[in-house]
Amino acid sequence: MFTVSQTSRAWFIDRARQAREERLVQKERERAAVEIQAHVRSFLCRRRLQREIRREIDEFFKADDVESSKRSALCIFKIARKLLFLFRIKEDNERFEKLCRCILSSMDAENEPKVWYVSLALSKDLTLLWIKQIKHILWCCCEFLEQLKPEILQDSRLITLYLTMLVTFTDTSTWKILRGKGESLRPAMNHICANIMGHLNQHGFYPVLQMLLTRGLARPRPCLSKSTLTATFSLALRPVIAAQFSDSLLRPFLIHIMSVPALVTHLSTVTPERLTVLESHDMLRKFITFLRNEDRCRDVCESLEGCHTLCLMGNLLQLGSLSPKVLEEETDGFVSLLTQMLCYCQKYVSQKKSNLTHWHPVLGWFSQSVDYGLNESMPLITKQLQFLWGVPLIRIFFSDILNKKLLENQEPAHAQPASPQNVLPVKNLLKRAFQKSASVRNILRPVGGKRVDSVEVQKVCNICVLYQTSLTTLTQIRLQILTGLTYLDDLLPKLWAFICELGPHGGLKLFSECLNNDTEESKQLLAMLTLFCDCSRHLVTILDDIEVYEEQISFKLEELVTISSFLNSFVFKMIWDGIVENAKGDTLELFHSVHGWLMVLYERDCRRRFAPEDHWLRKDLKPSVLFQELDKDRRRAQLILQYVPHVVPHKNRVLLFRNMVTKEKEKLGLVETSSASPHVTHITIRRSRMLEDGYEQLRQLSQHAMKGVIRVKFVNDLGVDEAGIDQDGVFKEFLEEIIKRVFDPALNLFKTTSGDERLYPSPTSYIHENYLQLFEFVGKMLGKAVYEGIVVDVPFASFFLSQLLGHHHSVFYSSVDELPSLDSEFYKNLTSIKRYEGDIADLGLTLSYDEDVMGQLVCHELTPGGKTTPVTNANKISYIHLMAHFRMHTQIKNQTAALISGFRSIIKPEWIRMFSTPELQRLISGDNAEIDLEDLKKHTVYYGGFHGSHRVIIWLWDILASDFTPDERAMFLKVFYMLPLCTFIDTLLNLEAT
């Protein structure tokens, strides 16, 4: 335990420690109080001094205008030092404004050297101080410019003031002190100005000017006056010119000034003199030289990001359009830098919306941040970008191709008048096509074969890469680009001529080899082919039949034959060689481009022939080999049927279709086997009410039952059964009869086209009760007929068959192309509007369609408010397409959808996609070819004791062969096909008895 003495000592030590700590705390409090008092006194002293200085400054500026104009530069210098000593941008903005006005006023004085503010630069004692002061003043001007809004009147006046300060003291041209004897001082003064400008650049002069220009110009109508815009752009040019266009200043000028939205557009409108300055200094060439370097171009693009890169690109394009001579000399460099900029943007273009993407009105979904402040100026930026596919630049870029003369010694071959089947004479057409294209127009003969590594080929390839990149990057204006590229009628034919010079058959071997090479050269060649296909497809899609067949705009029919032959071979090779199976990226894009162009030509040929017989078939593809591959589920065989089924003969595709149906029947158990019989659906039909009974009994059947066996028993009005056993013959008779009745135009479910009287859904069929259910029932009956291989005499309009095949969902589908199949006269009237050379508004048309519906005039608006919207030269093309779409789609949309729904419940869509519209009609209604009696004998099955050697059968074949005409044989087969089996046997027995 502790002793008493030890406890007292510890207590004493603890107490001494506490006392010492208290003394330290007290000292710290006293020191803190003294320091606080010092700060407060210092603050109060400074505030008092600031008030006194500001009072002095205010008194200085209160003097009248006469006195202020005579104040010496030294007085201004001193008052400026005091203001800058305590300057706060919010408190002293008015004082700073007065200082700037005072300084500018001193610079305007006449013959008063001591008044000129700049005269202090000549004082040995004040030169450095003056330079420091003017740098400080000018940078304060920049800080104010960052905050001011040019759309506000008061701010716009201040902007003018501060820009005047910057313009005055960054160039010696307005300094009166240098006039006369003072001219010798100009080099030294210029050096001071360069020093000042360098100081401003180091502190961010260009970003300040960029902000000012963007605020004033990034809008549909600029709010910067001519003087303001002139001053701002002049200030931006001064450092670049002073530095003799060094890379270190060209870079910020491009990043901050040339990236201002639509700057060149506003300059050309507001102050075109500034563009003259750019031209006088050959700035475009310097920009091209700087940006053609890949590293420098990437650096600029990364600094700007995608949105502002487009702004820079737009300004360069418009600048290029104003300097065609420079572009002609610097085409390669200009193409290179544009391609690099587009490639940079393309990296961030996305195909779909996500949490990481933003919507851009030109680029679409974009994975970089989007400056939505540019949206107001986007129309102007888009207009600038249009220079890229405008005629002047296209002529410059493709000058090597366009300057080649294609001989035209003969008149173009006009299309012959169409036969009733709308088929052109095609005998020996392929042979003539090659001869004429090679000799007359000199476009197919490879002149020695161009080397792919030649300068000419590389240049054309680079240009094609540029435009192809623009198509995949500027996704929201893709159609504009394609339309611009197809504006010149001779560009695409001459580009095809150029492609043909790369090798025989359109360079087919060369392009096939490129598919297997991953070199940059191969990619460029394939990009050229992709661009050609995209543009040509777009062109032919928007041309009507008159322009394609009669006027033969851009391509002659013979050229379309050779092009389609090349495309057919190329697509087939891509599929059969397994390239498409694993294709992605550029290769997949190439395939879709080539295939899209091929199918546009094929569908055009199906509507109206321009190619010879068997032109689309591949003779090196044996149907038996294809069927074997399909049985083995080989992907390439499936792709052939998916993409180019037309390379397989039609009869083989019909066999394939029947095989698909048979396989499904076996899968569903609808085929009789040794172990099981299919379910049979029996229906009783009154002949006098065939349609009503059929509709009531069949519409409720399940999909499985509709595909199965259906037996029909006819009864008369008294309810007595008709004699006969239905071995499919009675059902065939019933099916044909019911289809005949529902398609009778008198029933008003269907109408006939003018001219060839082909069927399509009636727009006024809605008068029937449950008309959509009726159309669905009709679709099921039609599908059942096709499913069972029963041909029915129902000639459909071509446009309706296209909808049945689903072609109208394609992006390349054109309602106008199909319109002749509905009403050829109406089509001619519409296309005459397209060719009308006067003011279309004089015709008094509106965006509406007036129709006589059961004696009452009904107005259908093609667009909201269409009946009050006049048709003008600007919207007449839209009017034509809207009218065609309304007549063939909108009017019968519900009826068509119901019929297709019923049809597809029986027939799978993929089964019939391998047929064209004429081929689908043949599948439904049969072929008009002559009946092959030998083939009929071979496949005839005899009943009732008859056989092939029976004398009655021999007589029958002899009569058919010798006494019947082809039409009579067809009628016999039709009647025989419909008769019940027992009835036909009775007929033969009676024939034998007689």
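I will try to describe carefully the structure that is included in this document. Quick caveat: nothing in here was measured; it's all calculated off a predicted structure. (Residues numbered from 1 in each chain as written. Predicted model: local features only at pLDDT ≥ 70, side-chain atom pairs only at ≥ 80, totals over all residues. Heavy atoms only, no water.)

1. Observations regarding the nonpolar core
Alright, step 1. Trp-130, Phe-253, Phe-334, Phe-397 and Met-528 are the most contacted members of the largest nonpolar core, which has 293 residues in total.
Alright, step 2. For Phe-253, the contacting residues outside a window of four places in its chain are Tyr-206, Phe-233, Ala-236, Leu-237, Val-240, Met-258, Met-283 and Phe-287.
Alright, step 3. By size, the runner-up hydrophobic cluster in this structure holds 7 residues, among which are Val-952, Ile-953, Leu-956 and Leu-960. (Core = buried A, V, L, I, M, F, W, Y, C linked by side-chain atoms within 4.5 Å. Buried < 20%, exposed > 50% of the residue type's maximum accessible area, 1.4 Å probe, protein only. Contact = heavy atoms within 4.5 Å.)

2. A word on helix α25 (residues 520–542)
Alright, step 1. Taking 1.5 Å per residue, 23 residues should reach 33 Å; α25 reaches 33 Å between its end C-alpha atoms and fits that length.
Alright, step 2. Of all 23 residues in α25, 19 are buried; the element is thus mostly enclosed. (Helix = DSSP H or I, 4+ residues; strand = E, 2+ residues; numbered from the N terminus. Expected span 1.5 Å × (residues − 1).)

3. Structural notes on the packing of aromatic side chains
Alright, step 1. For the structure shown, the criterion picks out 39 aromatic pairs.
Alright, step 2. With a centroid separation of 5.5 Å and an interplanar angle of 15°, the aromatic rings of Trp-496 and Phe-532 are classed as stacked. With a gap of 36 residues between them, Trp-496 in helix α23 (residues 491–500) and Phe-532 in helix α25 connect regions that are remote in the sequence.
Alright, step 3. The class of Phe-532 is buried, set by a relative accessible area of 1%.
Alright, step 4. Members of the aromatic cluster, each reached through a chain of ring pairs, are Trp-496, Phe-511, Phe-532, Phe-555, Phe-566, Phe-570 and Trp-597.
Alright, step 5. Here the guanidinium or amino end of Arg-296 rests over the ring plane of Phe-290, the centre of that ring lying 5.0 Å away.
Alright, step 6. Over the ring of Phe-714 we find Arg-687, and its NZ or CZ is 3.9 Å from the ring centre. (Phe/Tyr/Trp six-rings, centres within 6.5 Å; stacked < 30°, edge-to-face > 60°. Lys NZ or Arg CZ within 6 Å of the ring centre and 35° of its normal.)

4. Some thoughts on the packing of helix α3 (residues 73–85) against helix α5 (residues 127–147)
Alright, step 1. At a minimum axis separation of 11 Å, α3 and α5 run at an interaxial angle of 55°. Judged by the angle between their axes, α3 and α5 are oblique. Handedness of the α3/α5 crossing: left-handed. Facing α3, whose interface residues are Phe-77, Ala-80, Arg-81 and Leu-84, α5 presents Leu-129, Trp-130, Gln-133, His-136, Ile-137 and Cys-140. (Axes fitted to C-alpha atoms, helices over the stretch in contact; angles between N-to-C directions. Parallel < 35°, antiparallel > 145°, perpendicular 65-115°, else oblique. Left-handed = near helix turned anticlockwise from the far one by under 90°.)

5. Observations regarding the state of the cysteines
Alright, step 1. Enumeration according to the criterion identifies 0 disulfides in this entry.
Alright, step 2. Free of any disulfide, Cys-193 has its nearest cysteine sulfur in Cys-142, 14 Å distant.
Alright, step 3. Cys-193 sits in the buried class, given a relative accessible area of 4%.
Alright, step 4. Free cysteine: Cys-345, not disulfide-bonded; nearest cysteine sulfur from Cys-301 at 6.6 Å. (Disulfide = S-S within 2.5 Å.)

6. Comments concerning empty space enclosed by the protein
Alright, step 1. In total, this model carries 4 cavities of 30 Å³ or more according to the counting rule given.
Alright, step 2. Within this model, the largest cavity holds a volume of roughly 50 Å³.
Alright, step 3. Forming the walls of the largest cavity are Phe-398, Leu-485, Leu-491, Leu-492, Leu-495, Leu-531, Phe-532 and Cys-535.
Alright, step 4. Among the elements of the structure, α23 and α25 are those that each provide at least two residues to the lining of the largest cavity.
Alright, step 5. Residues that form the lining of the largest cavity fall into these classes: 8 nonpolar, no polar and no charged. (1 Å grid on protein atoms, 1.4 Å probe; cavity = no way out; pocket = protein on both sides within 12 Å on 5 of 7 lines; lining within 4 Å. Points joined across faces, edges and corners; volume = space filled by probe spheres on them. Nonpolar A, V, L, I, M, F, W, Y, C, P; charged D, E, K, R; others polar.)

7. Looking at the packing of helix α4 (residues 93–108) against helix α6 (residues 153–169)
Geometrically, a packed helix pair is captured by the angle between its two axes and the distance between the axes.
Alright, step 1. Here α4 crosses α6 at 45°, and the two axes come no closer than 10 Å. Classified by the angle between their axes, α4 and α6 sit oblique to one another. The chirality of how α4 crosses α6 is left-handed. Of the residues in α6, those touching α4 at Asn-93, Phe-96, Glu-97, Cys-100, Arg-101, Ile-103, Leu-104 and Met-107 are Leu-158, Leu-161, Tyr-162, Thr-164, Met-165, Thr-168 and Phe-169.
Alright, step 2. Residue composition of the contact of α4 with α6, by class: 10 nonpolar, 3 polar and 2 charged.

8. Here we look at a positive patch on the surface
Alright, step 1. Taken together, the side chains of Arg-46, Arg-47, Arg-48, Arg-51, Arg-55 and Arg-88 make up a positively charged region of the molecular surface.
Alright, step 2. For Arg-55, the location among the structural elements is in helix α1 (residues 4–62). (Patch = residues over 30% accessible without salt bridge, like charges linked within 9 Å, V, L, I, M, F, W, Y side chains within 5 Å. Areas by Shrake-Rupley, 256 points an atom, 1.4 Å probe, with all protein chains shown as cover. Salt bridge = Lys/Arg side-chain N within 4 Å of Asp/Glu carboxyl O. Lys, Arg positive; Asp, Glu negative; His and termini not counted. Charge placed at Lys NZ, Arg CZ, Asp CG, Glu CD.)

9. Thoughts on the pairing of strand β9 (residues 856–861)
Alright, step 1. Bridging between strand β8 (residues 848–853) and β9 involves 6 bridges; their strand directions are antiparallel. Among the inter-strand pairings, Glu-851 is bridged to a residue of β9, identified as Val-858.
Alright, step 2. Linking β8 to β9, which pair antiparallel, is a turn of 2 residues; within it Met-854 sits at a positive phi near 50°. (Pairing = 2+ DSSP bridges.)

10. Some points on the sheet that holds strand β2 (residues 358–360)
Alright, step 1. Taken together, 3 strands build an open sheet; the order of strands is β1-β3-β2 and the sheet is antiparallel. Sheet topology places β1 (349–350) and β2 at the edges, where each strand pairs with a single neighbour.
Alright, step 2. Sheet topology places β1 next to strand β3 (residues 364–366); 2 bridges connect them, and they run antiparallel. Paired with Val-349 across the strands is Phe-366, a residue of β3.

11. Quick notes on the environment of Val-300
Alright, step 1. For Val-300, the position within the fold is in helix α14 (residues 294–322).
Alright, step 2. Not counting chain neighbours up to four residues away, the residues in contact with Val-300 comprise Ile-255, Phe-290, Leu-291 and Leu-312.

12. Re a nonpolar patch on the surface
Alright, step 1. Together, Ile-36, Val-40, Phe-43 and Leu-44 make up a nonpolar patch on the protein surface, roughly 370 Å² of accessible area in all.
Alright, step 2. In this structure, Phe-43 sits in helix α1.
Alright, step 3. Overall, the relative accessible area of 43% leaves Phe-43 in the partly exposed class.

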